[in-house]
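Per-entry structural report
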Amino acid sequence: MRQVLIGIGIVVIVMSIVFAQTDNHSAAPGASKSLADVRRAIAEGNQKWSEGWGKGDAAMVAAIFADDGVQLSSGGKVFKGPQQISDHQKAEMQSADPGVKVSVTTATVWLDGDTAYETGKYKYEYAEKGKPGVDEGQYVTIWKHQKDGSWKLSMDMGVPQK
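Positive phi is not limited to glycine here, since lysine 129 has a value of about 55°. With respect to the helices, strands and loops of the structure, lysine 129 is situated in the loop between strand 4 (115–128) and strand 5 (131–145). The exposed category is assigned to lysine 129, whose relative accessible area is 79%.

Next up, the structure:
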């Protein structure tokens, strides 16, 4: 229970800092930023995440991140940019047998200009040396609208259930 409360506290602190630092940029001409469009883009990104894990393709997962994107690990490490994120994802993928099944369920999306905040639940079902395992928890992500009209992950942080 204490770890859950600590995880929730971390999420609240991160979201407070992020909201305080939010910077609105102008959108690309003709780019739509309705909440429905953003939710659709996030769902596509989450689908690519799940597919990348299923294929064992770390580069596919890293491609969802913006050039300045960061991934915060539950162990306290920060991975910056697609290359570090890809290397981290590859190492994680190699620790499990092929065929990891990942489900990502978005709970809430907030839209503030060119920034979208998402919370939800994740679940990884895998085998490690033939033994089945499950890793699940909650997450917070920040998505940024890019100049080309796409949405990319700016920050990803999972809070595992223990």
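From this point, things continue past the structure.
We now examine the side chain of histidine 88. Assignment of secondary structure puts histidine 88 in helix 4 (residues 81–94). Beyond its immediate chain neighbours, meaning those up to four positions away, histidine 88 contacts Gln71 and Phe79.

Another aspect to go through is helix 2 (residues 35–55). A rise of 1.5 Å per residue sets the reference length of helix 2, with its 21 residues, at 30 Å; its end C-alpha atoms lie 30 Å apart and thus fit the reference within 8%. Those residues of helix 2 lying buried are Val38, Ala41, Ile42, Gly45, Asn46, Trp49, Ser50, Gly52 and Trp53. One or two positions beyond helix 2, positive phi appears at glycine 56, with a value near 70°.

The strand order 2-1-6-5-4-3 describes an open sheet built from 6 strands, whose pairing is mixed. On the outer flanks of this sheet lie strand 2 (78–80) and strand 3 (101–112), each paired with one strand and no other. Mean inter-strand twist for the sheet, computed between neighbouring axes without regard to direction, equals 15°. For strand 1 (residues 65–72) and strand 6 (residues 151–160), the ladder comprises 4 bridges, and the chain directions are parallel. Note on strand 6: the bridge partner recorded for glutamine 71 is aspartate 156. Contacting strand 1, strand 3, strand 4, strand 5 and strand 6, helix 2 crosses the sheet at an angle of about 155° to strand 3. Together, strand 1 and strand 2 form the strand contacts of helix 4, whose direction differs from that of strand 1 by roughly 45°.

On inspection of all chains with the given rule, the structure shows 3 salt bridges. When the shortest N-O distance is used, the salt bridge between lysine 101 and glutamate 125 registers 3.9 Å. Here lysine 101, found in strand 3, pairs with glutamate 125, found in strand 4; they are 24 residues apart in sequence, far enough to count as distant. Look at glutamate 125 and you get partly exposed, because its relative accessible area is 30%.

The pairing of strand 3 with strand 4 spans 11 bridges and is antiparallel. Within the sheet, the bridge partner assigned to valine 104 lies in strand 4 and is tyrosine 122. Hairpin remark: strand 3 followed by strand 4, antiparallel, with 2 residues in the connecting loop; positive phi at glycine 113, about 65°. Both strand 4 and strand 5 contribute to a ladder of 14 bridges, which runs antiparallel. Paired with tyrosine 126 across the two strands is glycine 133, which belongs to strand 5. Remark: 2 residues form the turn of the hairpin made by strand 4 and strand 5, two consecutive strands paired antiparallel; lysine 129 in that turn has positive phi of roughly 55°.

Cut-offs and rules
- Along each chain, residue indices are assigned from 1 in the same order as the chain's sequence is written.
- Where totals are concerned, whole chains, interfaces and linings use all residues; where local detail is concerned, this predicted model gives features only for residues with pLDDT of at least 70, and gives and counts side-chain atom pairs only at 80 or more.
- Note that the side-chain values use all heavy atoms of the structure and ignore hydrogens as well as water.
- Strands here are runs of E lasting at least two residues and helices are runs of H or I lasting at least four, both read from the DSSP assignment and numbered beginning at the N terminus.
- For the exposure calls, accessible area comes from a 1.4 Å probe over protein chains only, and a residue counts as buried if that area is under 20% of its type's maximum, exposed if over 50%, partly exposed in between.
- Contact criterion: two residues are considered in contact whenever any of their non-hydrogen atoms come within 4.5 Å of each other.
- Expected helix span is taken as 1.5 Å per residue step, with the number of steps being one fewer than the number of residues.
- Between any two strands, at least two bridges found by DSSP are needed for them to pair.
- Axis lines are fitted through C-alpha atoms, for helices just across the contact stretch, and the angle between N-to-C directions can take any value from 0 to 180 degrees.
- One speaks of a salt bridge when a side-chain nitrogen belonging to Lys or Arg is within 4 Å of a carboxyl oxygen belonging to Asp or Glu.

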